[in-house]
Amino acid sequence: QHELYAEIVLVQQPFPTVVAKGKSLESSPVVLRLVVACDVEVHGISEVWCECEEMVTNASRPVTSGQTLLSKDKFPATKEQLTDGLPVVLKFCNGTRKNVYRVRFGCTIDYTQNGVRSQTAVHSPHARPFIVITNECQWEEAQGILTAADLFGGDGGDTLPWPYLANSIHRIFHFAVRQDLHRPARPLCRATLGYMHQRFFRDQPVVERAVFENFWKWFGKCLHKLRYQRHVCTLWQSGFLQLLMGRTTVHAILDGKAPGVFMMRFSERHNGAIAIAYRLDGSDSQESIRHYLVKPDDTAGSKKTLPDFLSEQSPLLYILQILTDPTGRITNRSFRKDDALDPYYSKRPSNTPSDGYDTRILSVTEAMENVMIE
């Protein structure tokens, strides 16, 4: 009797990714396909089930009762659907507490092989890992844990070649800023990845896990700000904010520019903070180029955004748009600050009082004076 060959293949999957609790993965389903040997005839299949397992070192631990992650773990399917490619939409109803999990799928098939009819369970390999978060503030740490587990393995693997890591960083970046990997609005250029390799990895051809985790302390906070702080990602995609650029390059770009010209970049030394470099005057002195680190109090969520803060800085007149063309050449253009940022300024309604209302809160004396005037 021949050994049965049958397997569920993962044709498409959204993992590895950080998933928000309660959010359906409808736009990026897992696509399953049943593959069997040529001498196997499948008559029918059961419903498809999904199992969640926690990654523990290099193994997996099944989710115990009371730890239900999936809002639905069984999916009706026909033989034809699973043979052609079955999309399965997952939705997680609980967080994983920053622990890394994987899923795999299975079903029972009714089949005939060599004239003998039988039934057996078939499974898919494990999908790549994921973490379910319950709040956006968990994203940075969760994505770092997930990325390290996916790249280096749950058993604490030690090293990765830089080219492989660079490609992974590029993919993670596009996911974080919600860009299409195949048609990104603004991809990371070779010069940025090269400077990143030099600045954080000392140009080493092989990267140790501990070095990557130290790099994530900077990179993760930058990604979190790009992903969640209002207008920051749009400013980056438009070329008004730079991810990684050294001071030497900044000074070279601002050299010879008019007073009031400024540019923005993520600080290399202050994780996740945005720095503003600006031309103070027209002298050749190095002191004519100044640097300001945007403080947490300078912006306040949706009430006062980064563009709102910039609008209040009267010495800042012209913002630089800096882009890199496909050949690696850096180009820059200056725009009047208000012309470039006006679409992002908060539109605060004018508080013009209606008839019968005071224009402000009055003291007793002021109220009496108004009565006397009337």
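Above this text you will find the structure in question.
Residues numbered from 1 in each chain as written. Predicted model: local features only at pLDDT ≥ 70, side-chain atom pairs only at ≥ 80, totals over all residues. Heavy atoms only, no water.

Participant: Explain the nonpolar core here, please?
Facilitator: Generally speaking, nonpolar side chains in soluble globular proteins are found buried as a group. Met196, Phe219, Leu226, Leu243 and Met264 are the most contacted members of the largest nonpolar core, which totals 58 residues. Top contributing element to this core by residue count: helix H5 (residues 209-228), with eight residues. With 34 residues, the next largest nonpolar core counts Leu25, Val30, Leu32 and Cys50 among its residues. (Core = buried A, V, L, I, M, F, W, Y, C linked by side-chain atoms within 4.5 Å. Buried < 20%, exposed > 50% of the residue type's maximum accessible area, 1.4 Å probe, protein only. Helix = DSSP H or I, 4+ residues; strand = E, 2+ residues; numbered from the N terminus.)

Participant: Can you help me understand the sheet that holds strand S14 (residues 261-266) in this one?
Facilitator: One key point about sheets: their strands pair by backbone hydrogen bonds, in either a parallel or an antiparallel sense. Strand order in the open sheet made by the five strands is S16-S15-S14-S17-S18, with mixed pairing throughout. Each edge of the open sheet carries a strand with a single partner, namely strand S16 (289-293) and strand S18 (330-336). When strand polarity is set aside, the average angle formed by the axes of neighbouring strands in this sheet is 30°. Note that S14 and strand S17 (residues 318-324) share two bridges and pair parallel. Pairing of Val261 across the sheet is with Tyr318, part of S17. (Pairing = 2+ DSSP bridges. Axes fitted to C-alpha atoms, helices over the stretch in contact; angles between N-to-C directions.)

Participant: Is there a simple way to explain the pairing of S17 in this structure?
Facilitator: Two faces belong to every sheet, and in a regular strand the side chains alternate between them. Relative to S18, S17 runs antiparallel, the two sharing seven bridges. By the bridge assignment, Leu323 is partnered in S18 with Thr331. Hairpin connection of S17 to S18: five residues between the antiparallel strands, including Gly328 at a positive phi of 95°.

Participant: Looking at this structure, I do not really get H5. What am I missing?
Facilitator: One full turn of an α-helix is made of 3.6 residues, so residues set three or four places apart face in the same direction. Taking 1.5 Å per residue as the helical rise, H5 with its 20 residues ought to reach 28 Å, and the 27 Å between its terminal C-alpha atoms agrees with that figure. For H5, the principal kink sits at Trp216 and spans about 35°. Regarding H5, the residues found buried are Arg209, Phe212, Phe215, Trp216, Trp218, Phe219, Gly220, Cys222, Leu223, His224, Leu226 and Arg227. Residues of H5 that are buried in the fold lie against helix H2 (139-152), helix H3 (162-176), helix H4 (190-201), strand S13 (206-208), helix H6 (232-237) and S14. (Expected span 1.5 Å × (residues − 1). Bend = angle between axes of the 7 residues up to and from the residue. Contact = heavy atoms within 4.5 Å.)

Participant: I'm lost on the pattern of salt bridges in this one. Help?
Facilitator: If the charged atoms of two oppositely charged side chains come close together, the side chains can form a pair. In this structure the tally under the stated criterion is 12 salt bridges. In this structure, Arg199 engages Glu268 in a salt bridge whose closest nitrogen and oxygen atoms are separated by 2.7 Å. Within this pair, whereas Arg199 is found in helix H4, its partner Glu268 is found in the loop between S14 and strand S15 (274-279), the two being separated by 69 residues in sequence. Between Glu268 and Arg265 there is a salt bridge, with the nearest N and O atoms lying 3.8 Å from each other. A single burial state applies to Glu268 and to Arg265, both of which are buried. Several salt bridges share partner residues, and in doing so they unite Arg199, Arg265 and Glu268 into one network. (Salt bridge = Lys/Arg side-chain N within 4 Å of Asp/Glu carboxyl O.)

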